[in-house]
Structures are given as structure tokens and as C-alpha cells.
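Architecture and fold: a report
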Amino acid sequence: MTREFVVSDERPSVSYGPTRNLDEWVLAVTCEDERVEIVLDERAMYDLWVEVRGVPWPDPPKSPKNERLVRQLVHAANGADEEMLQDALEALGVRR
């Protein structure tokens, strides 16, 4: 059986992340009248990651605090200009 959902135009949202038990992942999509969540085991999430990103999955975060910090770093990087990104990479020990 196939069910079809339409992503909300007013508030489109797609997110993913580990579930509370950290053994599964949830892919969530906000639709017009509801939120749809698809629970994936680690192998299925890895396959999805490789399909979308075209690169192997990095090692999972070591702790919930680490995961939160990585998310904050990614969000900050999305709004940074080129100079800020270079500074951040240098601070993390990545050479130009």
C-alpha cells in the first residue's frame, strides 16, 4: 500500500535525526494537516545518507551534547560568509 502526503507550502519542513534510543533514526516531514515520521534503522539511514549526499556517512556523534554542538555549528556555518568559514576551519585545525 502506498500513501501520499503533500508537504506544506506555508511551512515546509523536513528533518532527520536519531531517536531517543539512538539505535534508530527518524525522517520527519511536516505536511498540510499532519507531521509524517518514518523510522529507519541505522543501515537504512546510512543508505539514505549516501544516496542524498553521495558520500559515506561520518561517524555518529559520541554524546547528545556533541550532537547538539555539531548541529549548532552546521546552522552557524549555513549563515556564514567565506571569511568566517575559513576562520572556523582554521580554528578546527583544517588547513586551507
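Rules used in this analysis
The numbers attached to residues start from 1 for each chain and follow its sequence in the written order. For a predicted model such as this one, the threshold for reporting local features is a pLDDT of at least 70, and the threshold for listing and counting side-chain atom pairs is 80 or more; totals across whole chains, interfaces and linings nevertheless cover every residue. In computing side-chain properties, one takes all heavy atoms of the structure into account and sets aside hydrogens as well as water. Working definition: helices are DSSP H or I runs of at least four residues, strands are E runs of at least two. Numbering for both runs from the N terminus. The span you would expect from a helix comes to 1.5 Å times its residue count less one. Whenever two N or O atoms come within 3.5 Å, that pair is a polar contact, provided that in protein one can donate a hydrogen and the other can accept it, and provided that, for residues adjacent in sequence, both atoms are side-chain atoms. Throughout, exposure labels follow a simple rule: accessible area from a 1.4 Å probe, protein chains only, divided by the maximum for the residue type, with under 20% read as buried, over 50% as exposed, and the rest as partly exposed. Any pair of residues with heavy atoms lying within 4.5 Å of one another is described as a contacting pair.

Along its 12 residues, helix 1 (residues 42–53) runs 16 Å from first to last C-alpha, staying within 8% of the 16 Å computed at 1.5 Å per residue. Put simply, Asp41 is the residue that caps the front of helix 1, since its side-chain oxygen is 3.3 Å from the backbone nitrogen of Arg43. Two residues or fewer after helix 1 comes Gly54, characterised by a positive phi angle close to 75 degrees.

Another aspect to go through is helix 3 (residues 82–91). Its side-chain oxygen 3.2 Å from the backbone nitrogen of Glu83, Asp81 forms the N-cap of helix 3. After helix 3 finishes, the residue Gly93 shows a positive phi value of roughly 85 degrees.

On to the side chain of Thr19, then. Inspection of the secondary structure puts Thr19 in the loop between strand 1 (13–18) and strand 2 (24–30). Under the relative-accessibility criterion, Thr19 is labelled buried at 18%. Setting aside chain neighbours within four positions, we find Thr19 in contact with Glu24, Trp25 and Val26.

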